[in-house]
Structures are given as C-alpha cells and as structure tokens.
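# An overview of the molecular structure
If you want the building blocks of each chain, they are given just below.
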Amino acid sequence: MSDERLQKILAQWGIASRRLAEQMIVAGRVRVNGNIVRLGQKANPDRDFIEVDGVPVKPTDRPAEVYLLLNKPAGVVSTCSDPRARSKVLDLLPPKLRSGQGIHPVGRLDADSTGALLLTNDGKLTFCLTHPRHSIAKTYQVWVLGDPPEPILQAWRQGIILSGRKTLPAKVRVIDRARDQTLLEVRTAEQLGYPVVRLHRTAIGPIQLQPPAGPILAPGCYRPLEDSEIIFLWNLVNLTSISVPVNPQEHSI
C-alpha cells in the first residue's frame, strides 16, 4: 500500500468520515509514529504506527463495509455527535453498529425533516456522494403553506433562480390540497419559494423507503442496501469524474 492522506485512511478504516477525520487531525487526536500529525500529512498503514486517541489503527482491524438506508424520524439530528445532547441517527442503530464501526450519515436532513437517509462506513463513497460536483436526484413529499398556482408549479418544473443560480429542472406533482396547505411530490434538492411546513424524503435516486417489491420502511428503522443499490451509487460516482477508482462489485454486502 502506498502513502495516503491520513483523513483518507481514517475514512477507509471506518473510523470517521473524511470531514470528521480532518477535524480530529486538527484537534491533535491523531499520531503517526508517536508524533501529532498536521492536516494533509500522509502515512502508510502497513509501515507506520497510527493512533487515534491513543488507540492503534491496524490494517487487520478494518471493519466490513456497511451500507444502510434509514427512515429518519422527526426530532433526530443527522450527525454523529451533538453538543446539545439531542437524539442522533446513530442512536437508532443497535450497539454493534452504533460505535466502533465508523458508520456515519451521508449528507443530512434537518432535525424536523424525516425520511430516507443513507448511513455507511465507506469513507470513499461518502466523500464522493457529498462532493460539490456530485448530484443525485432526491424525491420529497413537501407540505407548503398556501396554494401554489399552476404557473408557479411550472416555473419550479423548469428550474428557478436560487442564490443567483438556476436550479435543475424539477419534477413537481400536486398530491393533495387541504385547507391552507398543499402537499407536493418534488424531485429536487433545492428549497421552494413557499414556506415549508413539513418535508419528508421518500427516495434517494432509486433507493426508496418503499421498494416496489417490499414493505415500507417504518420510521426509526433501517435496512441494508441491496447489491443493486450499492452498484447504482458507485456507478453514479464514477460518472461524476471524481478521481476515486473503485470496482462497485467489491462493495457488495
């Protein structure tokens, strides 16, 4: 194995996501051959003695890769730690997955939002899927205040200007209109122009809370991704031209 950046090694070993690994390095929690390292420093796990919080990182300790879909309930934060001691998505996992496996959320949902959230300890995949150049279609059920007229819905379908940039075209369908609220199905990752009352993510690409041949995933529950779903994620990543060569077949559960 060649030398690699330490944040990449820690992500590959399932210790933390790349972003969290970088924070750990900056905080002085990572040592190589007894010396505290700096961000950007490289090492070789086969040659160097790497420690995180005084615990050695051994190549033989690399955990099996885990890929999960969670139906996040409201009031749960999409982080691995929270200074306000709120309930976290990892708290919904059994003890054997909750700690020591490096499992972390891919992206996030706001605390009040619900629905599909990917969890993994595959740092490479997390890095690619959260890269600014990456785009993956997400499907939401969105309750908004008011009754958006057809011209507004059509504008959303064609793309709208947000933060000075035009969003990608979105699939928008009215599911229900009740009292002063409208329920929409929206396939986009951008915010709408009407106040959002509630947001529920039903799918990430083809990865659905209710697959065609199975029951819906209950709130607070999780399931392993199917091999085809993992392959979809890696195929999508490879199409973004991010330089992370990988064989998707090697990442099957």
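For the structure, see preceding data.
Residues numbered from 1 in each chain as written. Predicted model: local features only at pLDDT ≥ 70, side-chain atom pairs only at ≥ 80, totals over all residues. Heavy atoms only, no water.

## Overview of the environment of Ile-204
Tracing the backbone shows Ile-204 in strand β15 (residues 196-204). The exposure class of Ile-204 is buried, given its relative accessible area of 5%. Note: C-alpha distance between Ile-204 and Leu-233 (29 residues apart in sequence) is 9.8 Å. (Helix = DSSP H or I, 4+ residues; strand = E, 2+ residues; numbered from the N terminus. Buried < 20%, exposed > 50% of the residue type's maximum accessible area, 1.4 Å probe, protein only.)

## Let's talk about the pattern of salt bridges
Applying the stated rule across the entire model yields 11 salt bridges. Linking Glu-4 and Lys-8 is a salt bridge whose minimum nitrogen-to-oxygen distance equals 3.3 Å. Assessed through its relative accessible area of 24%, Lys-8 is described here as partly exposed. Beyond isolated ion pairs, a larger network of salt bridges with shared partners links Asp-3, Arg-47 and Asp-48. (Salt bridge = Lys/Arg side-chain N within 4 Å of Asp/Glu carboxyl O.)

## Side note on the pairing of strand β9 (residues 114-120)
In terms of burial, β9 is largely enclosed, as seven of its seven residues are buried. Pairing between strand β7 (residues 67-72) and β9: six bridges, direction antiparallel. Looking at the pairing, Leu-69 lines up with Leu-118 of β9. The pairing of strand β8 (residues 104-106) with β9 spans three bridges and is antiparallel. Across the sheet, the residue bridging to Pro-105 is Leu-119, located in β9. Note that β9 and β15 share two bridges and pair parallel. Within β15, the position partnered with Thr-114 by the bridge is His-200. (Pairing = 2+ DSSP bridges.)

## Examining the environment of Gln-23
Counting through the fold element by element, Gln-23 comes out in helix α2 (residues 18-26). For Gln-23, a relative accessible area of 49% gives the class partly exposed. The spatial distance from the C-alpha of Gln-23 to the C-alpha of Gln-7 is 9.1 Å, given a sequence separation of 16 residues.

## Let's talk about the sheet that holds strand β3 (residues 35-36)
In spatial order, the strands read β3-β2-β5-β6; together these four strands make up an open sheet with antiparallel pairing. Two strands bound the open sheet, and with one partner strand each, they are β3 and β6 (55-57). Note: strand β5 (residues 50-52) against β6, three bridges, orientation antiparallel. Its bridge partner being in β6, Ile-50 is matched across the sheet by Val-57.

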